[in-house]
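# Structural features, examined
Below are the chains, spelled out letter by letter.
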Amino acid sequence: MTNFTGIFTFPHGGMISAGLLLAACAALAATTYSVASCRLVVLSFISNTGNFEQTFSRYNQVEFDSFSEYKVALGLFQWLRPNGDDANWDDGTCVGYQQSMKDDFAEPDFEIARGFGSLAVLLSFIAVLWSFLNSCIAWNVFQIIILSFLLLSGTFASGMTFMFFRSDLCNSTFPESACRIDEGGLILVAGAILWFAGFLVTVLFVRPLDRVADDRGLTPYDRSQARESAAAKEKRRRARESRRQEQAKSKVLDGLTYEEEDGGIAVITPVTAASYSYDEEDSNSPRKQKASKKSSSRAQPEAYSDPVPQNDEYEVYINSRNQRIDEILRDIQDSEDREQPKSTKQEI
């Protein structure tokens, strides 16, 4: 869930947010400049129809007897037209490709390079906006994954722009031609590196709000885990307490069976403390076998032959017996509470 934490509160950390925003802005600048540049590559070629512009001009029907060498700076959407002599190819004005040029060398690789260049610019604007919002919004896990994928896609789109080198313009349009990277291409390489740097920052350092540590170094996730662990411990403690009470009740019933012999009730075979297993061990364990032998070796009192009375005296006796059991259990509980040290719950 997205949480607005306030303007410039930096829920994911000030240094992390600033680093991510800086990388995104630098990637935006580098990518936009490279895509709009007219000096992405330098094309060296030989031609007998004149320079680059003359070769693709619809009105140029001249063919020279010999081939000459030329150079021209090209971009994805513009090329550098020299201001004077063709020898000064790096001094000129950026102009767009004419339709006659596009008709001759526009083919899949060239169009793919242009398409990925435009996509890289679009992604860079989205990445900058997202990185800026990182200073005031706590993203959840799914949104951080989307941001990571966005930055990685920007890296891929920037790299795919170099499909320009596989186009016919660099390979087969002229009898001999070759392209080498120019200043715009070098800046595009830097932009791809910045894209990947932003991706690494997101993957390694940006955490969802429940994983952001507080001043004590604890995250909400850690505190939640601690609460669950404390609840589990409390549940086990109550289970042990319940077993202790059952054991105490067994001891009390064992003692009362003999104390009430004079009341005219037939003697019941007692369940002694020795035969009770606190840990619920298997009946074949040595400890329980020993306890069973010890219990059986006891001299069992003889049962009274008088039948159990079925009258009001019997009900009075049962009520009195139950009341004594409750009193003894309360005394046992009170004594355990006095012996147990007081524990203070530390707030998590």
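For the structure, see preceding data.
Residues numbered from 1 in each chain as written. Predicted model: local features only at pLDDT ≥ 70, side-chain atom pairs only at ≥ 80, totals over all residues. Heavy atoms only, no water.

### Quick look at the environment of Thr161
In plain terms, the rule: Only DSSP runs of H or I with at least four residues qualify as helices, and only runs of E with at least two residues qualify as strands; both kinds are numbered from the N terminus onward. Exposure categories follow from relative accessible area, calculated using a 1.4 Å probe and restricted to protein chains: below 20% of the type maximum is buried, above 50% is exposed, and the middle band is partly exposed. Working rule for contacts: check all heavy atoms of both residues, and any pair within 4.5 Å makes them a contact.
Tracing the chain through its elements places Thr161 in the loop between α5 (141-160) and α6 (168-171). For Thr161, a relative accessible area of 1% translates into the label buried. Separated by 44 residues in sequence, Thr161 and Gly117 have C-alpha atoms that sit 5.4 Å apart. Leaving out residues up to four positions away in the same chain, Thr161 has contacts with Leu76, Ala113, Phe116, Gly117 and Leu188.

### Regarding the state of the cysteines
For clarity, the cut-off: Cysteine sulfurs are considered disulfide-paired once they come within 2.5 Å of each other.
Taken as a whole, this structure holds 2 disulfides when the rule is applied. A sulfur-sulfur separation of 1.9 Å characterises the disulfide bridge that pairs Cys38 with Cys94. With a gap of 56 residues between them, Cys38 in the loop between α1 (14-36) and β2 (41-47) and Cys94 in strand β5 (residues 92-96) connect regions that are remote in the sequence. With its sulfur 2.0 Å from that of its partner, Cys170 forms a disulfide with Cys179.

### Topic: the packing of α1 against helix α7 (residues 183-205)
To be explicit about the condition: Each axis is a line fitted through C-alpha atoms, taken for helices only over the stretch in contact, and angles between the N-to-C directions span 0 to 180 degrees. Here roughly perpendicular refers to angles of 65 to 115 degrees, roughly parallel to angles under 35, roughly antiparallel to angles over 145, and oblique to all remaining angles. In this scheme the crossing of two helices becomes right-handed for a clockwise turn of the near helix relative to the far one and left-handed for an anticlockwise turn of less than a right angle. Side-chain classes follow a simple rule in which Ala, Val, Leu, Ile, Met, Phe, Trp, Tyr, Cys and Pro form the nonpolar group, Asp, Glu, Lys and Arg form the charged group, and the remainder, Gly included, forms the polar group.
Where α1 meets α7, the closest approach of the two axes is 8 Å, and the angle between their N-to-C directions is 155°. In terms of axis orientation, α1 runs roughly antiparallel to α7. Along this stretch, α1 crosses α7, giving a crossing that reads as left-handed. Counted together, Ile16, Leu20, Ala23, Ala26, Ala27, Ala30, Thr31, Tyr33 and Ser34 of α1 and Glu183, Gly184, Ile187, Leu188, Gly191, Leu194, Trp195, Gly198, Val201, Thr202 and Phe205 of α7 form the full contact between these two elements. When its residues are assigned to classes, the contact of α1 with α7 shows 13 nonpolar, 6 polar and 1 charged.

### Some remarks on a nonpolar patch on the surface
Quick reminder of the rule: Each patch is built from salt-bridge-free residues with over 30% relative accessible area, joining like charges within 9 Å and nonpolar side chains (Val, Leu, Ile, Met, Phe, Trp, Tyr) within 5 Å. The method behind every accessible area is Shrake-Rupley, applied with a 1.4 Å probe, and residues are considered shielded solely by the protein chains displayed. By definition, a salt bridge exists where a carboxyl oxygen of Asp or Glu is found within 4 Å of a side-chain nitrogen of Lys or Arg.
Taken together, the side chains of Leu152, Phe196, Leu200, Val203, Leu204 and Phe205 present a nonpolar region at the surface, about 520 Å² in accessible area. Sorting elements by how many residues they give to the nonpolar patch places α7 first, with 5 residues. One can find Val203 in helix α7.

### Topic: the pattern of salt bridges
As enumerated under the stated definition, the model contains 7 salt bridges in all. Ionic pairing is found between Arg39 and Glu183, a salt bridge with its closest N-O pair at 4.0 Å. Residue Arg39 is found in the loop between α1 and β2, and its partner Glu183 is found in helix α7; the two are separated by 144 residues along the sequence. Where Glu234 meets Arg237, a salt bridge forms, and the shortest distance between an N and an O atom there is 2.8 Å. Placement of the pair is Glu234 and Arg237 together in helix α8 (residues 220-259), with a separation of 3 residues, close to one helical turn. With a relative accessible area of 26%, Glu234 lands in the partly exposed category. You can call Arg237 partly exposed: its relative accessible area is 33%. Three or more residues are tied together by salt bridges with common partners; here these are Arg39, Asp182 and Glu183.

### As for the packing of aromatic side chains
Threshold: Stacked, tilted and edge-to-face are the three classes assigned to paired rings of Phe, Tyr and Trp, where Trp is represented by its six-membered ring and a pair needs centres within 6.5 Å; plane angles under 30 degrees give stacked, over 60 edge-to-face, the rest tilted.
Here the structure, examined in full by the defined rule, presents 9 aromatic pairs. Their ring planes at 80° and their centres at 6.0 Å tell us that Tyr97 and Phe110 sit as a pair that is edge-to-face. One end of the pair, Tyr97, is in the loop between β5 and α3 (99-105); the other, Phe110, is in helix α4 (residues 108-133), and 13 residues separate them in sequence. The two residues Tyr97 and Phe110 agree in class, both being buried. A centroid spacing of 5.8 Å and a plane angle of 85° characterise the contact between Phe116 and Phe156, whose relative ring orientation is edge-to-face. Separated by 40 residues along the polypeptide, Phe116 in helix α4 and Phe156 in helix α5 bring together distant segments of the chain. Aromatic ring contacts, followed pair by pair, group Phe45, Tyr70 and Phe174 into a single cluster.

### Remarks on empty space enclosed by the protein
Counted only if it meets this: As defined here, a cavity is a set of points on a 1 Å grid over the protein atoms alone where a 1.4 Å probe fits but cannot get out. A pocket is an open set with protein on both sides within 12 Å along at least five of seven lines, and residues line them when an atom is within 4 Å of a point. Grid points are joined across faces, edges and corners, and a volume is the space filled by probe spheres set on the points.
Enumeration over the complete set of coordinates arrives at 1 cavity of 30 Å³ or more. It is α1 that provides the largest number of residues to the lining of the largest cavity, a total of 4 residues. Looking at side-chain class alone, the lining of the largest cavity contains 8 nonpolar, 1 polar and no charged residues.

### Description of the side chain of Thr155
For clarity, the cut-off: What qualifies as a polar contact is a pair of N or O atoms within 3.5 Å, subject to a donor-acceptor requirement within protein and to the restriction that residues adjacent in sequence count only when both atoms come from side chains.
Its location among the elements puts Thr155 in helix α5. A distance of 3.1 Å separates a polar atom in the side chain of Thr155 from the backbone oxygen of Leu151. For Thr155, the contacting residues outside a window of four places in its chain are Ala192, Trp195 and Phe196.

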